[in-house]
Amino acid sequence: MMSLAAVQSVPTNNVAVRGGASSGQPVVQEQTAGTPAHGAHPRLETRALSVRYGGGAVGVADITMPVHANRVTALIGPSGCGKTTYLRALNRMHDLTPGAHVSGQVLLDGEDIYGPGVDPIVVRRRIGMVFQKPSPFPTMSIYDNVVAGLKLVGVRKRSVLDGVAERSLRQAGLWDEVKDRLKTGGRDLSGGQQQRLSIARALAVEPDVLLMDEPTSSLDPKSTGHIEELMVELKKEVTLVIVTHNMQQAARLSDYTAFFYLGALIELGPTSRIFEAPAEERTAEYISGRFG
Amino acid sequence: MTLRFRHIRDYAVRAVLVLCTVCLVAPLLVIIGYVLVNGISALTPAFFTEELGSPARAMQGRPTGLFHSIVGTVVIDLLALSFAAPVGMGAGIMLSEYSENPLNGPIRILTGTLNGMPAILMGLLAFSLVVRPTGRFSAVAGSVALAFVMVPIIARSVESVLRTTPWSLREVGLALGLPRWRVIVSTVLPAARSGILTGVLIAFARAAGEAAPLLFTSFGQNYLNLDIRRPMDTLPQRLYSLAISPYQEWHAMGWAAAIVLLLFVMACFLAARALSRAHGGRDA
């Protein structure tokens, strides 16, 4: 299993580039040294992304930031700052929210997922999501939950499904606990197991990016530990974006941290730099617990 | 003094509530009791096995019954359900799951109006839609009339049951890259299954008790008929015919028909209740 050293290897010797808070520009700092070999290009990138809700309420405004491949990017900020709104824009989950309007671009490997003719279904197969509340399909067995993303689009071959189920459950660190009761209901698992089942289900369709909306906030410390280890392991294969309220968690396992406040991106940079030497006053105040 | 006043007020409120409950339950008990007392004597084995035949049969004491009405009720009601369930469920799914659909406003008004419309008008509608064009009364026409009674009830209950299933269920499915219809069919509907069945059963029971829509559609007859293109008998409409007939023996049979109908409808409601409990227990 990959050690937490991967997190610490993120360089901290960059000089913070002040974007000038007065100009309203967020401090977005790219790495200049020690660029990871397989993370040279952003897998995902948003340009001037804004989400407005019905009645003119602004969810997030004008967010431009990269999400690097095979890295964990943490979105932090006080409640209502727009981090979940931003996350949900990354795989077009706002499409079904009445009155929600998304503008700007979200580039997945350079292609705008909001571009004309882009099928949101295809987008969501490449950009998966794990929700705050563990949410196994209530009427399905553990097995059927994991392979739902394949079986329900017509993959019928038993050998293929069996293989996917085992691989995904192993990736989610759940295989050993459930391999003897794959046919039992997903609802019978503990909360932590249910959340790992949700992760296995998301991984089964082999997404390039996995978005996680406070994946551990409803779990006990032990289950949280499980899932954190899992995330560090998973970034070998997928790019992770997590929303978290837990700053220790962001510090422990993310490579990059983005601080959101009042619907704006205030600061983005390597996690260690954000936590040790934030360039923005508000970032410093938030991570030191003075508000939020 | 104030404490005493509060006690009195408490008793008064409780007395009013008890009175309201009694007013609610009493008519039901009176109906059940009255129907049982009057009809139990006519509830012979022959009642369930024989056709009605001509009035002479009953007056000469030959065995006569409402076997043909019971069979007809089952046939017409099930046929009506087979028309109404897909349409009602489709409308309910549309209202709940595709809330952005511009037709939803009109659909809601339509189902609301249908729901409040006197059932006899459904009969009139089926009369003009089926009886007139085909030139005859038929079981199909009766089923169409009853389907009009069922559709709005099913649509409304399916909509409200689907709305109570967690929204997250849909998001999880969509996030897996599943198309919307697939998410509805494979995750939302199974999760709401017992609630949907409850709604369908209630609509079924409601329609099964209707006589008015059948009077000039399925029309009724005194003999067993299994051809849905011809007039067929049903319990509620037979109950009405027996009650307005001039024969004493037929009146007694009408009471017996009321017992059977009552039991049938009560069984439907009890089943619906059991189902909705199972639903509430699991999805609470």
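Residues numbered from 1 in each chain as written. Chains lettered and ligands numbered in written order. Predicted model: local features only at pLDDT ≥ 70, side-chain atom pairs only at ≥ 80, totals over all residues.

Enquirer: How should the nonpolar core be read in this particular structure?
Expert: Residue and element names in this part refer to chain B. M150, I154 and A257 are the most contacted members of the largest nonpolar core, which has 152 residues in total. Among the elements that take part in this core, helix α7 (residues 139–164) stands out by supplying 17 residues, more than any other. Not counting residues up to four positions away in its chain, the partners in contact with M150 are A80, L81, A84, G88, A203, F204 and A207. (Core = buried A, V, L, I, M, F, W, Y, C linked by C-beta atoms within 7 Å. Buried ≥ 20, exposed ≤ 12 C-beta atoms within 10 Å, placed from the backbone. Helix = DSSP H or I, 4+ residues; strand = E, 2+ residues; numbered from the N terminus. Contact = placed C-beta atoms within 7 Å.)

Enquirer: Looking at this structure, I do not really get the confidence of the model for chain A. What am I missing?
Expert: Close inspection of predicted coordinates is inappropriate in any region flagged by low pLDDT. Residues and elements named next belong to chain A. Per-residue confidence for chain A averages 86 on the pLDDT scale, and 86% of its residues sit at or above 70. Confidence drops under a pLDDT of 50 for residues 1–24, and excluding neighbours within four residues, the segment shows 43 contacts in the predicted structure. The low-confidence segment residues 31–39, where pLDDT is below 50, has 15 contacts with residues more than four positions distant or belonging to other chains. (pLDDT = per-residue confidence, 0-100.)

Enquirer: Even after reading the chapter, I still don't get the domain arrangement of chain B, so can you show me in this structure?
Expert: You'll often see interface size given as the accessible area lost when the parts meet. Residue and element names in this part refer to chain B. Taken domain by domain, chain B consists of domain 1 (2–42) and domain 2 (68–283). Taking only C-alpha atoms, the centre of domain 1 and the centre of domain 2 are 31 Å apart. At the junction of the two partners, domain 1 supplies seven residues and domain 2 supplies seven residues. Across the side of domain 1 that touches domain 2, the residue classes tally to four nonpolar, three polar and no charged. (Domains from an automatic or database assignment. Nonpolar A, V, L, I, M, F, W, Y, C, P; charged D, E, K, R; others polar.)

Enquirer: Explanation requested: the interface of chain B and chain A in the structure shown.
Expert: Tallying the contact residues gives 16 residues for chain B and 21 residues for chain A. Counting only elements with at least two residues in the side of chain B that touches chain A, the list comes to α8 (167–175) and α9 (180–191) of chain B. The residue inventory of the side of chain B that touches chain A, partitioned by class, reads eight nonpolar, five polar and three charged.

Enquirer: Would you mind showing me how to read the environment of G56(A) here?
Expert: Residue and element names in this part refer to chain A. Relative to the helices and strands, G56 resides in the loop between β2 (42–52) and β3 (58–68). The class of G56 is exposed, set by 8 C-beta atoms lying within 10 Å. Note: C-alpha distance between G56 and G99 (43 residues apart in sequence) is 9.0 Å.

Enquirer: Quick question: what am I supposed to make of the sheet that holds β2(A) here?
Expert: Paired through backbone hydrogen bonds, the strands of a sheet run either parallel or antiparallel to each other. All names here are of chain A. As summarised here, the arrangement of the four strands in space is β3-β2-β5-β6, forming an open sheet in which the pairing is antiparallel. Of all strands in the sheet, those with a lone pairing partner are β3 and β6 (111–112), marking the two edges. Relative to strand β5 (residues 101–108), β2 runs antiparallel, the two sharing seven bridges. Each bridged residue has a counterpart across the sheet, and for S50 the counterpart in β5 is S103. (Pairing = 2+ DSSP bridges.)

Enquirer: Would you explain the packing of helix α4 (residues 142–151) of chain A against helix α5 (residues 158–171) of chain A in this entry?
Expert: The description of two packed helices rests on the angle between their axes and on the distance between the axes. Residue and element names in this part refer to chain A. At a minimum axis distance of 9 Å, the contact between α4 and α5 shows a crossing angle of 120°. At the point where α4 passes α5, the crossing takes the right-handed sense. Counted together, Y143, V146, V147, L150 and K151 of α4 and L161, V164, A165, S168 and L169 of α5 form the full contact between these two elements. Split into classes, the residues belonging to the contact of α4 with α5 amount to eight nonpolar, one polar and one charged. (Axes fitted to C-alpha atoms, helices over the stretch in contact; angles between N-to-C directions. Left-handed = near helix turned anticlockwise from the far one by under 90°.)

Enquirer: Sorry if this is basic, but what is going on with helix α8 (residues 221–234) of chain A here?
Expert: In an α-helix, one turn spans 3.6 residues; hence positions three or four apart end up facing the same way. Under the 1.5 Å per step criterion, the end-to-end length of α8(A) is 20 Å for 14 residues, consistent within 8% with the ideal 20 Å. Burial in α8(A) covers these residues: H226(A), I227(A), E228(A), L230(A), M231(A), V232(A) and L234(A). (Expected span 1.5 Å × (residues − 1).)

Enquirer: Got a minute to help me understand unusual backbone geometry in this structure?
Expert: A negative phi holds for most residues other than glycine; trans holds for most peptide bonds. Residue and element names in this part refer to chain A. Non-glycine residue A48 carries a positive phi angle of around 50°. Positive phi is not limited to glycine here, since D62 has a value of about 55°. By the secondary structure assignment, D62 is in strand β3.

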